[in-house]
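If you want the building blocks of each chain, they are given just below.
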Amino acid sequence: MKKRRKIGREALMLLPLYIFTIVFILGPLVYMVVLSFLQRAETWGVTSQLTLKNYMDILEPVYLQTFAESFKLAILSTVLIMLIGYPFGYFMAKLTAKWKKRTMMLLMIPFWTSSLIRLYGWIIIFRANGVLDKLLMGLHITDAPLKLLYTYPAVVVGMVYALLPFMIFAVYSSAEKLDWSLIEAARDLGASRMKAFLTVTLKLTLPGLLSGVILTFIPSMGLFFIADILGGNKVVLVGSLIQDQLMKAHNWPFAAALAVILTILTSVMIGLYRKVSGVKDLEGIV
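As the structure is a computational prediction, the values presented were derived from the model and not from experiment.

J.: Would you take a moment to explain the side chain of threonine 142 for this structure?
T.: In this structure, threonine 142 sits in the loop between α6 (131-138) and α7 (152-175). With residues near it in sequence (within four places) discarded, threonine 142 still touches Leu136 and Met137.

Okay, here's the thing in structure tokens:
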């Protein structure tokens, strides 16, 4: 009897979590999938007629080109984030407890401000005769203002800036659990620094690195506001396409189909992460 009461209390305590999951996660996901198979109405909204046209339209060259450009930007941004974030997160894990807290606080402070406001700060830096131009001309590196704003490199910088902390925290979470004595043992057995890094450090911190890749690759395909603000609508991402279909073309089913494809891509990457790393949860996610 006591055991049944205990089970009943536990189920009652978990009930709000189940309700939240169904209403705010499962419900919208099911709605998005169903919507992707409906047909757009001639004037507004959708009809109840089922169709595969929304997914077939994604195969059109113009939309495939958008996916290709999004993949290109996502790969470039992720590689740069890896090159910066992995060493940062690794050496951050080797700091003393006092400096770990300070560094973590410095990384979290930008999140207290809206992303849009922070991106507008980059406009001040990149614009003609802005902070960067004055600095470069003051150092006699350039003779004339550079046209950096509303360019592809500006969008890449914005992506790296916005997503870099996710890679750092993911790598840090994995490196903090690293047994440093294993590295010392590898060095004592004759391994060079590079060999010890490749065979011990990299292997043990691989879950964090792969987690950081997932946390940066997928968002970099959908953060349309970065491309809009720093790219001046010259760089069109899948996220930009979804926004245009929702807000301008009012083609909700097609936008839902694009979102389903991104969801499937995310699920595939998480599945590969679990298979390669053998870890169920993403590193750096509380």
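J.: Just to check I follow, could you spell out the packing of helix α3 (residues 61-93) against α7 for this structure?
T.: Put simply, α3 and α7 touch, their axes get as near as 6 Å, and they point 40 degrees apart. In terms of orientation, α3 lies oblique with respect to α7. As α3 runs across α7, the sense of the crossing is right-handed. Of the residues assigned to the contact of α3 with α7, the class counts are 23 nonpolar, three polar and one charged.

J.: Help me understand the packing of aromatic side chains, please; the structure alone is not making it clear to me.
T.: The way to describe two aromatic rings as a pair is by their centre distance and the angle between their planes. If you walk through the whole model with that rule in mind, you get twelve aromatic pairs. Taking 5.2 Å as the distance between ring centres and 75 degrees as the angle between the ring planes, the aromatic pair formed by tyrosine 90 and phenylalanine 91 counts as edge-to-face. An aromatic cluster of three or more residues is present, and its members are Tyr86, Tyr90, Phe91, Trp180 and Phe197. Sitting over the face of the ring of tyrosine 152, lysine 72 holds its NZ or CZ atom 5.6 Å from the ring centroid.

J.: For this particular structure, what's the right way to read the UniProt feature "transmembrane region" (unreviewed entry) in the chain?
T.: Residues annotated in UniProt with the feature "transmembrane region" (unreviewed entry) correspond here to residues 12-38, 73-93, 105-128, 148-175 and 254-273. Each end of residues 12-38 is marked by a C-alpha atom, and these two atoms are 37 Å apart; helix forms 93% of the span and strand 4%. Along residues 105-128 one finds 67% helix and 0% strand; the C-alpha atoms at either end are 33 Å apart.

J.: Would you mind showing me how to read helix α12 (residues 238-247) here?
T.: Residues separated by three or four positions in an α-helix point in the same direction, a consequence of the helix having 3.6 residues per turn. Within the sequence span of α12, burial applies to Val238, Gly239, Ser240, Leu241, Ile242 and Gln245. On its buried face, α12 sits against α3, α10 (206-222), α11 (224-231) and α13 (252-277).

About the thresholds
Residues numbered from 1 in each chain as written. Predicted model: local features only at pLDDT ≥ 70, side-chain atom pairs only at ≥ 80, totals over all residues. Heavy atoms only, no water. Helix = DSSP H or I, 4+ residues; strand = E, 2+ residues; numbered from the N terminus. Contact = heavy atoms within 4.5 Å. Axes fitted to C-alpha atoms, helices over the stretch in contact; angles between N-to-C directions. Parallel < 35°, antiparallel > 145°, perpendicular 65-115°, else oblique. Left-handed = near helix turned anticlockwise from the far one by under 90°. Nonpolar A, V, L, I, M, F, W, Y, C, P; charged D, E, K, R; others polar. Phe/Tyr/Trp six-rings, centres within 6.5 Å; stacked < 30°, edge-to-face > 60°. Lys NZ or Arg CZ within 6 Å of the ring centre and 35° of its normal. UniProt positions renumbered as here; feature names shortened; annotations may be inferred. Buried < 20%, exposed > 50% of the residue type's maximum accessible area, 1.4 Å probe, protein only.

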